[in-house]
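What the coordinates show
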Amino acid sequence: MEPIHVVVTGAAGQIAYSLLYMIARGEVFGKDQPLVLHLLDIPPMMGVLEGVVMELADCALPLLNKVIATADPEVAFKNVSAAFLVGAMPRKEGMERKDLLSANVKIFKAQGQALDKFALKDVKVLVVGNPANTNALVCSHYAPSIPRENFTAMTRLDQNRATAQLAHKLDVSIGDVSNVIIWGNHSSTQFPDPNHAVVNIDNKSKKLSEILSDDSYLKSIFVETVQKRGAAVISARKMSSAMSAAKAACDHMHDWWHGTANGRFVSMGVISDGSYGAPKDVVFSFPVEIVGKQWKIVQNLAINDFTKSKLEATGNELLEEKTEAMAVCDAD
Ligand code: NAX
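Just so it is clear, the structure is predicted and the values come from calculations on it, not from any experiment. (Residues numbered from 1 in each chain as written. Predicted model: local features only at pLDDT ≥ 70, side-chain atom pairs only at ≥ 80, totals over all residues. Heavy atoms only, no water.)

The next thing to look at is the layout of surface pockets. Taken as a whole, the second largest pocket spans an internal volume of roughly 710 Å³. R156, N160, I174, K247 and D251 are the residues nearest the centre of the second largest pocket, which is lined by 33 residues in total. Top element by residues in the lining of the second largest pocket is helix 6 (residues 156–170). It accounts for seven residues. By residue class, the composition of the lining of the second largest pocket is 12 nonpolar, 13 polar and eight charged. The residues that make up the lining of the second largest pocket include at least three from each of domain 1 (4–153) and domain 2 (156–319). (1 Å grid on protein atoms, 1.4 Å probe; cavity = no way out; pocket = protein on both sides within 12 Å on 5 of 7 lines; lining within 4 Å. Points joined across faces, edges and corners; volume = space filled by probe spheres on them. Helix = DSSP H or I, 4+ residues; strand = E, 2+ residues; numbered from the N terminus. Nonpolar A, V, L, I, M, F, W, Y, C, P; charged D, E, K, R; others polar. Domains from an automatic or database assignment.)

This is the structure:
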């Protein structure tokens, strides 16, 4: 089989350190799909990146045909079929959310332009670097020759966290819980929604509501635990989530590449068509089903008033981010 070219940005950072290994082992594109990995980072990180390249070689991975480490976006994005945009400016002490957004928007504008020029036109782009949803929107805006559907943002870590919380609460295996939804922004306004979750118990599929009717847990403890999980990991590890973020990035791209099982859906930040009253033309996390590498927003789920109000809040935040981001881009 011909190798495909895959780029990972922020390749010298901590998420990439786990992610590169998982991709190169075949866990995303398949155990028979050879790969050429392109690693992009900024010039001061080239020394560190060289160490990552050495370790990848020392892993002796049969699917890894070649590794290209570079600080040049033209080399990094050339002919890629899939892009993991992990690299971003981290939040420094004293930095306002606005400053962070403005620094990152410029990075994703430049990378959108580079994808437009050098990547394959059917490239699948997953944005992990924060603010992920708005970065994905900016990236797509500056890559007009690539379909907007090909730009997505990662909320899979939130989905995995939510699924793990429910499995723990019900004392079932994680594989027995599915269809938990993350709506909206990958931020503290996201809404982890357990209302459509399905649990496999005694070989029967049941709606979560049939086996767990603890409203105070589902509406407050569960939602807050998921929303604040990132902060809890930082406080314990003194560093942000990396292994779990890498695993989630693999899950996201894996399902996009190979599709979702019948009746199952996953959450992805995708360009909004206004479904469920979400604002149009922002990157909003929805439940999606995937067939033939094309995602489709799951329609006709019943939405209660509580969920509606949560969707409105996270949608408003995304509209604000979009306005700020586009102002930065226009001034750049
Ligand atoms: P690190 O700071 O360890 O690594 C980031 C890397 O990106 C660094 O090596 C840096 O030099 C590089 N970089 C900066 N600007 C770049 C540019 N213009 N081109 C290429 N590389 C560039 O951060 P890490 O822990 O790996 O996190 C990366 C990003 O993921 C952060 O923005 C973080 O906020 C975000 N996250 C997003 C998550 C999500 O669910 N969407 C969860 C995990 C994570 O917090």
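According to the domain assignment, the protein chain contains domain 1 (4–153) and domain 2 (156–319). Each of domain 1 and domain 2 has a C-alpha centre, and the two are 24 Å apart. Listed by partner, the interface residues are 29 residues for domain 1 and 32 residues for domain 2. At the boundary of domain 1 with domain 2, total buried surface from both sides reaches about 2500 Å², with 67% on carbon and sulfur atoms. Three residues stand out in domain 1 for area buried against domain 2, namely Q14, K124 and N133, and they jointly supply 26% of the buried area on that side. The interface formed by domain 1 and domain 2 holds one salt bridge in total. Put simply, domain 1 and domain 2 have 10 residue pairs in polar contact (both at pLDDT 80 or more) between them. (Contact = heavy atoms within 4.5 Å. Buried area = accessible area lost by both parts, 1.4 Å probe. Salt bridge = Lys/Arg side-chain N within 4 Å of Asp/Glu carboxyl O. Polar contact = N/O pair within 3.5 Å; in protein donor to acceptor, adjacent residues only side chain to side chain.)

Another aspect to go through is the site of the ligand. Near the ligand you find 23 residues, and of these Q14, I15, D41, V128 and N130 are the closest. One of the side-chain nitrogen or oxygen atoms of D41 is found 2.6 Å away from an oxygen atom of the ligand. The backbone of V128 places a nitrogen or oxygen atom 3.2 Å from a nitrogen atom of the ligand. Look at the ligand: alone it shows 880 Å² of surface, and the protein chains cover 83% of it. Within the residue set of the shell around the ligand, elements represented by two or more residues are helix 1 (14–24) and helix 4 (97–118). Classifying every residue of the shell around the ligand by side-chain character gives 12 nonpolar, 10 polar and one charged. Two domains each provide a minimum of three residues to the shell around the ligand, namely domain 1 (4–153) and domain 2 (156–319). (Near = heavy atom within 4 Å. Areas by Shrake-Rupley, 256 points an atom, 1.4 Å probe, with all protein chains shown as cover.)

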